[in-house]
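Okay, here's what each chain looks like letter by letter:
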Amino acid sequence: MPEVITIEHKILKKNADIALENRARFDEAGVFVVGLVSSPGSGKTSLLERTLQKLQGRARCAVIEGDVQTDNDARRIAALGVPAVQIVTNGTCHLEARMVQEALPQVELRGLDILFVENVGNLVCPSSYELGEHVRVVLASTTEGEDKPLKYPAMFRKSQVLVMNKVDLLPYVPFDLAKARACALQVNPGLRWFETSCTTGQGLDAWVDWLLEERQKRH
Amino acid sequence: MHEGSIVAELIRVAEQHAPPGARILRLGVQVGRLTGISPDAMQFYFEVMREGTRCEGARLEVALLPLRGRCGACQQAVTLESEAVWTCAACGQTAVGWENGDELDLRELEVEDA
């Protein structure tokens, strides 16, 4: 006789559990962990490079890089003298909490102020997987559509901060900054908003000051 | 396209909950409309990935849940059976706050003694 069993089990519970374990390790070590997500090419690694340069001497940082292939990004970060660990997902379109957990033995958490975790460039899949980060920052850029938040609401809802990058290009591209901001706030009214250019350096100080403040709150 | 990873986990969870020796006939899953997860893509991956597992031959039923919320401006209750909109149909303000939508649950298993 067929029988129906009620389960009520979150399918990604295991990931959520590992994310909580990661978070506990971060908190125990007193390190502030920032997740970075965006579509490919918004400038996550460029923003990281500029951010790490500005944080030099002000905060001890390390980076976990997630990519489908290559360790190019970890090399870019290591070239700045910042410890960088590359996770190569080999086709998987997002980082999972388990991958971060497995990378952690390569990161000296003790004595660290800020750990950045750069996800695979993808506005869909990473939204389902918490990693244990304290804040999730989504990047967008002026060479993309203003309606990205409406097209990919899950990611913009699950982020607390939006960095609008490449604002130096505004005179050259048909991008409506006010419209982009309105789209983002529709999906997530609590989203904190920064505007940056990694080419001119515009807006980077405000972003870096915010990181340091958030770091201080968790010390 | 992360439905493959989700289905792999779904099969693992189903195998863990099914009584030892029982055959799994059906998996009842519910998905919220704000997850961005495609039921069709889940079906596709399930049909491929169930082979060689205890879910082989089982049916996957994915229910997309209605989205419930309230407009923060006019307090109108909103229920949607379609994709999320972000503007209140009653007052035109973009102040709809959703109260659910993130569900991704294995709700029930139908099993039979083998």
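Calculation rules
Residues numbered from 1 in each chain as written. Chains lettered and ligands numbered in written order. Predicted model: local features only at pLDDT ≥ 70, side-chain atom pairs only at ≥ 80, totals over all residues. Pairing = 2+ DSSP bridges. Helix = DSSP H or I, 4+ residues; strand = E, 2+ residues; numbered from the N terminus. Axes fitted to C-alpha atoms, helices over the stretch in contact; angles between N-to-C directions. Parallel < 35°, antiparallel > 145°, perpendicular 65-115°, else oblique. Left-handed = near helix turned anticlockwise from the far one by under 90°. Contact = placed C-beta atoms within 7 Å. Nonpolar A, V, L, I, M, F, W, Y, C, P; charged D, E, K, R; others polar. Buried ≥ 20, exposed ≤ 12 C-beta atoms within 10 Å, placed from the backbone. Core = buried A, V, L, I, M, F, W, Y, C linked by C-beta atoms within 7 Å. Expected span 1.5 Å × (residues − 1). Arc of directions from axis to C-beta.

**Concerning the sheet that holds strand β4 (residues 77–80) of chain B**
Residue and element names in this part refer to chain B.
Next up, step 1: Ordered in space as β4-β3-β5, the three strands form an open sheet in which the pairing is antiparallel. Strands at the two margins of the open sheet, each flanked by one partner only, are β4 and β5 (96–98). Direction aside, the axes of adjacent strands within the sheet are offset by 30° on average.
Next up, step 2: Strand direction decides the pairing type here: strand β3 (residues 67–71) and β5, joined by three bridges, are antiparallel.

**A word on the packing of helix α2 (residues 44–55) of chain A against helix α8 (residues 204–217) of chain A**
Working note: a packed helix pair is described by the angle between its axes plus the distance between those axes.
All names here are of chain A.
Next up, step 1: Running from N to C, α2 and α8 cross one another at 65°; their axes reach a closest spacing of 10 Å. Judged by the inter-axis angle, α2 sits roughly perpendicular to α8. Handedness of the α2/α8 crossing: right-handed. Here R50, T51, K54 and L55 of α2 come into contact with α8, specifically with L204, W207 and V208.
Next up, step 2: In terms of residue class, the contact of α2 with α8 is made up of four nonpolar, one polar and two charged.

**Observations concerning the interface of chain B and chain A**
Next up, step 1: Across the contact, 24 residues belong to chain B and 26 residues belong to chain A.
Next up, step 2: Of all the elements, strand β6 (residues 104–113) of chain B adds the most residues to the side of chain B that touches chain A, at nine residues.
Next up, step 3: For the side of chain B that touches chain A, a count of residues per class yields twelve nonpolar, six polar and six charged.
Next up, step 4: Here strand β1 (residues 3–10) of chain A runs beside β6(B); their pairing, made up of six bridges, is antiparallel.

**So, the packing of helix α1 (residues 3–17) of chain B against helix α2 (residues 39–49) of chain B**
Residues and elements named next belong to chain B.
Next up, step 1: It is at 9 Å that the axes of α1 and α2 come closest, and there the two elements cross at 55°. Regarding the angle of α1 to α2, the classification is oblique. In this structure, α1 meets α2 at a crossing whose hand is right-handed. On α2, the residues that touch E3, G4, I6, V7, A8 and I11 of α1 are A41, M42, Y45, F46 and M49.
Next up, step 2: Looking at the contact of α1 with α2 residue by residue, the classes come out as nine nonpolar, one polar and one charged.

**Considering the environment of B:Q75**
Residues and elements named next belong to chain B.
Next up, step 1: Looking at where Q75 falls in the secondary structure, it is placed in the loop between β3 and β4.
Next up, step 2: On the basis of neighbour counts, which here come to 11 C-beta atoms within 10 Å, the residue Q75 falls in the exposed class.
Next up, step 3: Between the C-alpha atoms of Q75 and V13, which are 62 residues apart in sequence, the distance is 39 Å.

**A look at the nonpolar core**
Across soluble globular proteins, you tend to see nonpolar side chains buried next to one another.
Next up, step 1: Core analysis: the largest hydrophobic core is formed by 85 residues, its most contacted members being A:V63, A:L115, A:F116, B:L10, B:A14 and B:L27.
Next up, step 2: Broken down by element, the residue count for this core peaks at six residues, all from α1(B).
Next up, step 3: Residues within four places of A:V63 in sequence aside, it is in contact with A:L48, A:I77, A:V82, A:A84, A:F116 and A:E118.

**Some points on the sheet that holds strand β2 (residues 59–64) of chain B**
Pairing between sheet strands relies on hydrogen bonds along the backbone, with the strands arranged either parallel or antiparallel.
Next up, step 1: Read across the open sheet, the four strands follow the order β1(A)-β6(B)-β1(B)-β2(B); overall the sheet is mixed. Edge positions in the sheet fall to β1 of chain A together with β2 of chain B, since each of these pairs with one other strand and no more. Strand-to-strand twist of the sheet, defined as the mean angle between neighbouring strand axes without regard to direction, takes the value 20°.
Next up, step 2: α1(B) rests against β1 of chain A together with β1 (22–31) and β6 of chain B of the sheet, and its axis sits at about 45° to β6(B).
Next up, step 3: Those strands touched by α2(B) are β1 and β2 of chain B, and its axis lies near 170° from that of β2(B).

**So, α1(B)**
Next up, step 1: Relative to the 21 Å expected for 15 residues at 1.5 Å per residue, α1(B) spans 21 Å between its end C-alpha atoms, a close match to the ideal helical length.
Next up, step 2: Buried within α1(B) are the following residues: B:E3, B:I6, B:V7, B:L10, B:I11, B:V13 and B:A14. Viewed end-on, α1(B) has its buried residues packed into an arc of 165°, placing them on one side of the element.
Next up, step 3: Contact partners of the buried residues in α1(B): β1 of chain A together with β1, α2 and β6 of chain B.

**As for the pairing of strand β6 (residues 135–141) of chain A**
All names here are of chain A.
Next up, step 1: With six of its seven residues buried, β6 lies for the most part within the structure.
Next up, step 2: Relative to β6, strand β2 (residues 32–37) runs parallel, the two sharing four bridges. Paired with G35 across the strands is R136, a residue of β6.
Next up, step 3: For β6 and strand β7 (residues 161–165), the ladder comprises five bridges, and the chain directions are parallel. Counterpart to A140 in the pairing with β7 is M164.

**Quick word on unusual backbone geometry**
In most cases, non-glycine residues show a negative phi, while peptide bonds are predominantly trans.
Residue and element names in this part refer to chain A.
Next up, step 1: In this structure, E8 is a non-glycine residue whose phi angle is positive, near 50°.
Next up, step 2: Along the chain, E8 turns up in strand β1.
Next up, step 3: On the neighbour-count criterion, E8 (9 C-beta atoms within 10 Å) is exposed.
Next up, step 4: Phi is positive for K166, which is not a glycine, with a value near 65°.
Next up, step 5: Note on placement: K166 falls in the loop between β7 and α7 (177–187).

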